[in-house]
Amino acid sequence: MVGTGDRQELSGRRAALATRRREYDEDDVRVRPGRSSRPRTRTRPRHADAKDGFVIAVDRGRYTCVLPGAGPDDPTVTAMRARELGRKSVVVGDRVGLVGDTSGSSGALARIVRIEARRSVLRRTAEDDASTAEGRLERVVVANADQLVIVSALADPPPRTGFIDRCLVAAYDADIEPLLCLTKADLAGPEKVLDYYTELELPYLLIRPDSPLDALRSLLTGRVSVLVGHSGVGKSTLVNRLVPEAERAVGTVSAIGRGRHTSTSAVALRLPAPPDAQQDPGWIVDTPGVRSFGLAHVSAESLLHGFPDLVEATADCPANCPHTADEADCALDAWVAAGRADPRRLASYRRLLASRAGETESRTEPDPHGRPE
């Protein structure tokens, strides 16, 4: 039995232990690392077994790809973007590396783990002025294109040379060859448009509803060509003639001369192989009809290269010449006055300069033919 004295002694020891400061060591403290200090490795998988792929469509985080050598009837590969790519975007025309299930069977899903270096990048913005939110937001139209086919109707709706000028600037800036495709040639002649671009030696084709497309197919063979144009100019009709199985939606032109948007997303379509031909038939990228082609991503210096008929004149301009109409010493005015360039081309160039500077009144100014851009 424990006596009264023993109980008092035990109680005293407990009290002394309770008041004594405990000495902690590192095993008593659990240090939890912050999120920013988590150990990371710089070693990334090489994915040496990744298969090459070509992105032909993008839809809500899923990418439709084809493998090299795949035929028109072979299944396509559905893929998602690997987290290790970070913020790198994947667009139509990209050459990528694929791992996982690339069989193309129902329910199969591969991963895009690598994006090859792009040969060219065609971009546009909603506005010309980089100081606006719309101007700062660049949209990649397509990657790795070889040719920009600018589709413009000669009537219904009438041609807009201001829009064509913008497309030419974007093509030259991206180092892509331009091709002007004038549709509805049965409704109007091309003389006014061709006269406007006579100094550029711009390649062009006239397309009628019943005309053969052999000349156009020969220019598309073996290349990746992206088609751009206003809604209602007959772009989807042209695509359906080139690739009958595409079945792209075709719209009508409203009473005020504006087309309805019928293509809602960019998609690459394989051109049919001609009989007994060994050469790659090529791809066309059909894009949604656009109402504007902003150039905020193009520098003022590069903007001039969209007007090669004016470049030579700038050699006589003073240093840092802004080339605006209020610059008294700008040599562009004398160049045009001497008949060495079309004054409408100079007006279009200066309108783009003004739009880049955020002068909103210039954005609503009609193009040289009296039509809005």
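Described below are features of the structure shown in this document. Everything quoted here is computed from the prediction, not taken from an experiment.

## What about the side chain of Ser211?
Here is step 1 of the chain: Here Ser211 is to be found in the loop between strand E10 (204-206) and helix H5 (214-220).
Here is step 2 of the chain: A distance of 2.9 Å separates a polar atom in the side chain of Ser211 from the backbone oxygen of Arg208.
Here is step 3 of the chain: Contacts of Ser211, omitting those with residues within four sequence positions, involve Leu206 and Arg241.

## Some thoughts on the packing of aromatic side chains
Here is step 1 of the chain: In total, this model carries three aromatic pairs according to the counting rule given.
Here is step 2 of the chain: Summarising the aromatic geometry, the rings of Tyr196 and Tyr197 are spaced 4.6 Å apart at their centres and angled 85 degrees between planes, so their arrangement reads as edge-to-face.
Here is step 3 of the chain: Take Tyr197: its relative accessible area is 4%, and that puts it in the buried class.

## A few points about empty space enclosed by the protein
Here is step 1 of the chain: The final tally for this structure, using the stated rule, is one cavity of 30 Å³ or more.
Here is step 2 of the chain: As for the largest cavity, its lining consists of Val151, Ser152, Ala153, Pro158, Pro159, Arg160, Phe163, His230 and Val233.
Here is step 3 of the chain: In terms of residues, the lining of the largest cavity owes the most to one element, strand E8 (residues 147-153), which gives three residues.
Here is step 4 of the chain: Looking at the lining of the largest cavity, its residues break down into six nonpolar, two polar and one charged.

## Concerning the packing of helix H3 (residues 161-173) against helix H10 (residues 343-356)
Relative placement of two packed helices is described by the angle separating their axes and the distance separating the axes.
Here is step 1 of the chain: Look at H3 against H10: their axes get within 11 Å of each other, and the N-to-C directions meet at 70 degrees. Classified by the angle between their axes, H3 and H10 sit roughly perpendicular to one another. Where H3 approaches H10, its residues Asp165, Arg166 and Val169 are matched on the opposing element by Arg345, Ser348, Leu352 and Ser355.
Here is step 2 of the chain: Looking at the contact of H3 with H10 residue by residue, the class counts come to two nonpolar, two polar and three charged.

## Overview of the pattern of salt bridges
Here is step 1 of the chain: As enumerated under the stated definition, the model contains 12 salt bridges in all.
Here is step 2 of the chain: Among the charged side chains, a network of salt bridges with common partners joins Asp165, Asp309 and Arg345.

## Side note on the pairing of E8
Here is step 1 of the chain: For E8, the buried fraction is high: seven of the seven residues fall into the buried class.
Here is step 2 of the chain: By the alternation rule, side chains of E8 split into Gln147, Val149, Val151 and Ala153 and Leu148, Ile150 and Ser152, which are all buried.
Here is step 3 of the chain: Relative to strand E9 (residues 177-183), E8 runs parallel, the two sharing seven bridges. Across the sheet, the residue bridging to Leu148 is Pro178, located in E9.
Here is step 4 of the chain: Remark: the E8/H3/E9 crossover connection has right-handed handedness.
Here is step 5 of the chain: Summarising the sheet, E8 and strand E11 (residues 224-228) pair through four bridges and their orientation is parallel. The residue of E11 that forms the bridge with Gln147 is Ser225.

## Some points on the state of the cysteines
Here is step 1 of the chain: Following the criterion strictly, the structure yields zero disulfides and no others.
Here is step 2 of the chain: Just so you know, Cys330 is unpaired, no disulfide at all, and the nearest cysteine sulfur is the one on Cys321, 4.0 Å from it.
Here is step 3 of the chain: For Cys330, a relative accessible area of 6% gives the class buried.

## Thoughts on unusual backbone geometry
Here is step 1 of the chain: That bond from Asp156 to Pro157 is cis: its omega, 0 degrees, falls within 30 degrees of zero.
Here is step 2 of the chain: Its location among the elements puts Pro157 in the loop between E8 and H3.
Here is step 3 of the chain: At Asp175, a position not held by glycine, the phi torsion is positive, near 60 degrees.
Here is step 4 of the chain: Considering the arrangement of structural elements, one finds Asp175 in the loop between H3 and E9.
Here is step 5 of the chain: For Asp175, a relative accessible area of 68% corresponds to the exposed category.
Here is step 6 of the chain: A positive phi is found at Asn320, a non-glycine position, where the angle reads about 60 degrees.
Here is step 7 of the chain: Position of Asn320 relative to the elements: it lies in the loop between helix H8 (308-311) and helix H9 (332-337).

## Digging into the pairing of E9
Here is step 1 of the chain: In terms of burial, E9 is a largely internal element, six of the seven residues being buried.
Here is step 2 of the chain: Taken together, E9, helix H4 (residues 191-196) and E10 form a β-α-β motif whose crossover is right-handed.

## Looking at H10
Here is step 1 of the chain: Given a rise of 1.5 Å per residue, 14 residues ought to cover 20 Å, and the 20 Å separating the end C-alpha atoms of H10 matches this to within 8%.
Here is step 2 of the chain: Turning to H10, its buried residues are Arg345, Leu346, Ser348, Tyr349, Arg350, Arg351, Leu352, Leu353, Ala354 and Ser355.
Here is step 3 of the chain: Of the residues flanking the end of H10, it is Gly358, one or two places downstream, whose phi is positive at about 85 degrees.

Rules behind the numbers
- Residues numbered from 1 in each chain as written.
- Predicted model: local features only at pLDDT ≥ 70, side-chain atom pairs only at ≥ 80, totals over all residues.
- Heavy atoms only, no water.
- Helix = DSSP H or I, 4+ residues; strand = E, 2+ residues; numbered from the N terminus.
- Polar contact = N/O pair within 3.5 Å; in protein donor to acceptor, adjacent residues only side chain to side chain.
- Contact = heavy atoms within 4.5 Å.
- Phe/Tyr/Trp six-rings, centres within 6.5 Å; stacked < 30°, edge-to-face > 60°.
- Buried < 20%, exposed > 50% of the residue type's maximum accessible area, 1.4 Å probe, protein only.
- 1 Å grid on protein atoms, 1.4 Å probe; cavity = no way out; pocket = protein on both sides within 12 Å on 5 of 7 lines; lining within 4 Å.
- Points joined across faces, edges and corners; volume = space filled by probe spheres on them.
- Nonpolar A, V, L, I, M, F, W, Y, C, P; charged D, E, K, R; others polar.
- Axes fitted to C-alpha atoms, helices over the stretch in contact; angles between N-to-C directions.
- Parallel < 35°, antiparallel > 145°, perpendicular 65-115°, else oblique.
- Salt bridge = Lys/Arg side-chain N within 4 Å of Asp/Glu carboxyl O.
- Pairing = 2+ DSSP bridges.
- Right-handed = clockwise from strand over helix to strand, strands pointing away.
- Disulfide = S-S within 2.5 Å.
- Expected span 1.5 Å × (residues − 1).

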